[in-house]
Structures are given as structure tokens and as C-alpha cells.
Amino acid sequence: METVKLDIAENIAVVTLNRPETLNAFNYDMLVELSQRVDLLRSSPEARVIIFQGAGEKAFSVGADLKERKTLTEQEVRRNLQKIGEVILAIETLPQPTIAAINGYAFGGGLELALACDFRFASEKAIVGLTETSLAIIPGAGGTQRLPRLIGETKALELILTAKRLKAFEAEAYGIILKAFDKDRFMKEVQAFAQEILKNGPIAVQQAKYAIKAGMNKDLLSGLKIERKAYETTIPTEDRIEALKAFNEKRKPIFKGK
């Protein structure tokens, strides 16, 4: 059985963490498989938006597989830690817009994966948290770095040091979740959001993401140079010319990502 499924249809890639019997916990084999899927998506022209979700109705992912963890040597624990960090960084640096569709529990590494995505949506039944300190460890796949950058240092300290779990609408109030929806509307809303992105020029979308991400931790002048370079990448594209033609002809543009 595939522990990570990948489906691409109509320019939307859906990556499914597929160990529902373990609440989609990460063992080493699953991390390797996830890494392979992410590498494939990085250069896929068909995948213009990527959605990450968990199989089943209970969990996005509860993080590390603790049953496996009990059997590992210290060296193997370090191996797993390095691998999950590498995979989540690879997700963060994907050129396409990424969406975490959090349908249930998202703890530890599961939430860290979601934090590496550009957008996070949650079902009303979702519960999230960086709960590692309750296990006498700390977030080790970027949680201590990405969460404070997202919601601020004090709130991140509160959540990590107390191992607090948040319900979906609480997580939305903290700024972790962009929007929480009732379970019946949840995936429809995620898909609708992806479609809003797909309406726009795919090269422009990727360059806009690059400019924002690359410029965030730079001074303003350096950021403006990054923006200018990203803009210049769009100038010779066929899509830019198509957008101008469509505007003059009062029709919707047909973008090809060229």
C-alpha cells in the first residue's frame, strides 16, 4: 500500500498522507515516499496548485509514529529527525502554491508540515498543536521557527511550552489557520480556493510567491530588487501577451504556463 498517494487532475495535485490506521503518523518509509512525491511535483508542469491532506476522517497527521520511535536507536531517531526536516523544507520551497487541508488531528510533525504550506484550511473538527514538550522533546521539523514567524514570538512560546491543543476556530483566531469551515463545506471551499489561484497566470503566480518568500527576511531595498527580477521573468512569456489580447477582446485568458 502506498503510504503517500499523489493524484493530479485539472492542474491540481492532491498529496494524501495514507496511513489512516495510525492517524497518518510518519514512519521512516513514509517520509522517504513523501520526499519522492515532493521531488516529482517540483518539476511537474501539470501541478499548478498542490493540496496536502490526510486519509480517513480522523487526522491530517499526528506527527511521528511513536510505536516505531520506541524501537529505534538514538542514531535512527536522528536519521528520522533529519529526514522529516528535509522533507518539510522541500515542501516549503516548492514553487507552486501549497495548501494544507486539515481535516482532523494535526499534531507535532503533522502541524509542522502544514506550517510549511502557504495556506492552511481546517475542518471544524480539526484539532492542532505542537505537543512535543509533553513528550519531553521539542518541535524538530521547523515548528520553533515557522510558528513564531507566523503568529509572533509570545503566542508561539505559549503554544509550544504548554503543548496546548487548539480547536479549528481557536487556531483561526491565533492566525495559524486561514479559515475554518464546517465539515460539509470544507473540501469544497479548499477546492474553490485552489480554483481562484488557477484562474491566474501560472508563471506569474509562482514568481509572486517567490518574490514574497525570498523578500520576507530581507531589507526593503533588497526585497524590491527581488521583486523586479521576478517581474522581469514574466515579461517574455506567452501568457502575458495572451492576457493583453484577452483584455482587448473582452474574454477570459487561456494561460498555458509558457
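Going by the structure above, here's the rest.
Attention here is on the structure that accompanies the text. Model, not experiment: these values are computed from the prediction.

Calculation notes
Residues numbered from 1 in each chain as written. Predicted model: local features only at pLDDT ≥ 70, side-chain atom pairs only at ≥ 80, totals over all residues. Heavy atoms only, no water. Pairing = 2+ DSSP bridges. Helix = DSSP H or I, 4+ residues; strand = E, 2+ residues; numbered from the N terminus. Contact = heavy atoms within 4.5 Å. Axes fitted to C-alpha atoms, helices over the stretch in contact; angles between N-to-C directions. Buried < 20%, exposed > 50% of the residue type's maximum accessible area, 1.4 Å probe, protein only. Core = buried A, V, L, I, M, F, W, Y, C linked by side-chain atoms within 4.5 Å. Phe/Tyr/Trp six-rings, centres within 6.5 Å; stacked < 30°, edge-to-face > 60°. Lys NZ or Arg CZ within 6 Å of the ring centre and 35° of its normal. Parallel < 35°, antiparallel > 145°, perpendicular 65-115°, else oblique. Nonpolar A, V, L, I, M, F, W, Y, C, P; charged D, E, K, R; others polar. Salt bridge = Lys/Arg side-chain N within 4 Å of Asp/Glu carboxyl O.

## Some details on the sheet that holds strand β6 (residues 105–107)
Next, step 1: Across the sheet, four strands lie side by side as β4-β6-β8-β9; this open sheet has mixed pairing. A strand with exactly one partner marks an edge of an open sheet, and here the two such strands are β4 (59–61) and β9 (166–167).
Next, step 2: Along the sheet, helix α4 (residues 109–116) contacts β4, β6 and β8 (127–129); its crossing angle with β6, the most-contacted strand, is approximately 90 degrees.

## Digging into the side chain of N27
Next, step 1: Within the secondary structure, N27 sits in the loop between β2 (12–17) and α1 (28–42).
Next, step 2: Given the relative accessible area of 13%, N27 is considered buried.
Next, step 3: Setting aside residues no more than four positions away along its own chain, N27 makes contact with R19, D65 and E68.

## Focus on the nonpolar core
Next, step 1: The biggest cluster of nonpolar side chains holds 46 residues, and the ones touching the most others in it are L34, F52, I91, I102, L113, L147 and I176.
Next, step 2: Once residues lying within four places of it in the same chain are set aside, the contact partners of L34 are V4, V15, L17, F26, F52, V87, I91 and L113.
Next, step 3: In this structure, I12, V14, F186 and V205 belong to the second largest nonpolar core, which totals 14 residues.

## Remarks on the environment of F247
Next, step 1: Take F247: it is sitting in helix α11 (residues 238–248).
Next, step 2: For F247, a relative accessible area of 67% corresponds to the exposed category.
Next, step 3: Put simply, F247 and T16 are 231 residues apart on the chain and 38 Å apart in space, counted from C-alpha to C-alpha.

## Some points on the packing of aromatic side chains
Next, step 1: Under the counting rule described, the total for this entry stands at four aromatic pairs.
Next, step 2: Centroid distance F119 to F193: 4.8 Å. Interplanar angle 70 degrees. Geometry classified as edge-to-face. Here the residue F119 occupies a position in strand β7 (residues 119–123), and F193 occupies one in helix α8 (residues 186–198), the gap between them amounting to 74 residues.
Next, step 3: Among the aromatic side chains, those forming a connected cluster through ring pairs are F119, F121, F181 and F193.
Next, step 4: The lysine or arginine in question, K155, covers the ring of Y174, its NZ or CZ lying 5.8 Å from the ring centre.

## Topic: the packing of helix α3 (residues 74–92) against α4
Next, step 1: For the pair α3 and α4, the least separation of the axes is 8 Å and the interaxial angle reads 25 degrees. Classified by the angle their axes make, α3 and α4 are roughly parallel. Across the interface between the two elements, I84, I88, I91 and E92 from α3 touch G109, E112, L113 and A116 from α4.
Next, step 2: Tallied by class, residues from the contact of α3 with α4 come to five nonpolar, one polar and two charged.

## A word on the sheet that holds strand β3 (residues 49–54)
Next, step 1: With mixed pairing, six strands are arranged side by side in an open sheet as β1-β2-β3-β5-β7-β10. At either end of the open sheet lies a strand with only one pairing partner, and these are β1 (4–9) and β10 (179–181). Each adjacent strand pair in this sheet contributes to an overall mean axis angle of 20 degrees, direction not counted.
Next, step 2: Pairing geometry for β7 and β10, over three bridges, is parallel. The residue of β10 that forms the bridge with F121 is K179.
Next, step 3: Here α1 sits on the sheet and contacts β1, β2 and β3; the angle it forms with β1, its principal contact strand, is near 20 degrees.
Next, step 4: Its contacts with the sheet place α4 against β2, β3, β5 (98–102) and β7, and it is angled at close to 145 degrees to β5.

## Observations concerning the pattern of salt bridges
Next, step 1: This structure, assessed with the given rule, holds 13 salt bridges.
Next, step 2: Here D65 ties to R19 by a salt bridge, and the two come within 3.0 Å at their closest N and O atoms. In this pair, D65 sits in the loop between β4 and α2 (66–69) while R19 sits in the loop between β2 and α1, placing the two residues 46 residues apart along the sequence. Across this residue pair, the class does not change: D65 and R19 are buried.
Next, step 3: Measuring nitrogen to oxygen at the nearest pair gives 2.7 Å for the salt bridge that ties R251 to E242.
Next, step 4: Residue E242 is classed as buried on the basis of its relative accessible area of 15%.
Next, step 5: When salt bridges with common partners are traced through the structure, they connect E2, E33 and R37 into a single cluster.

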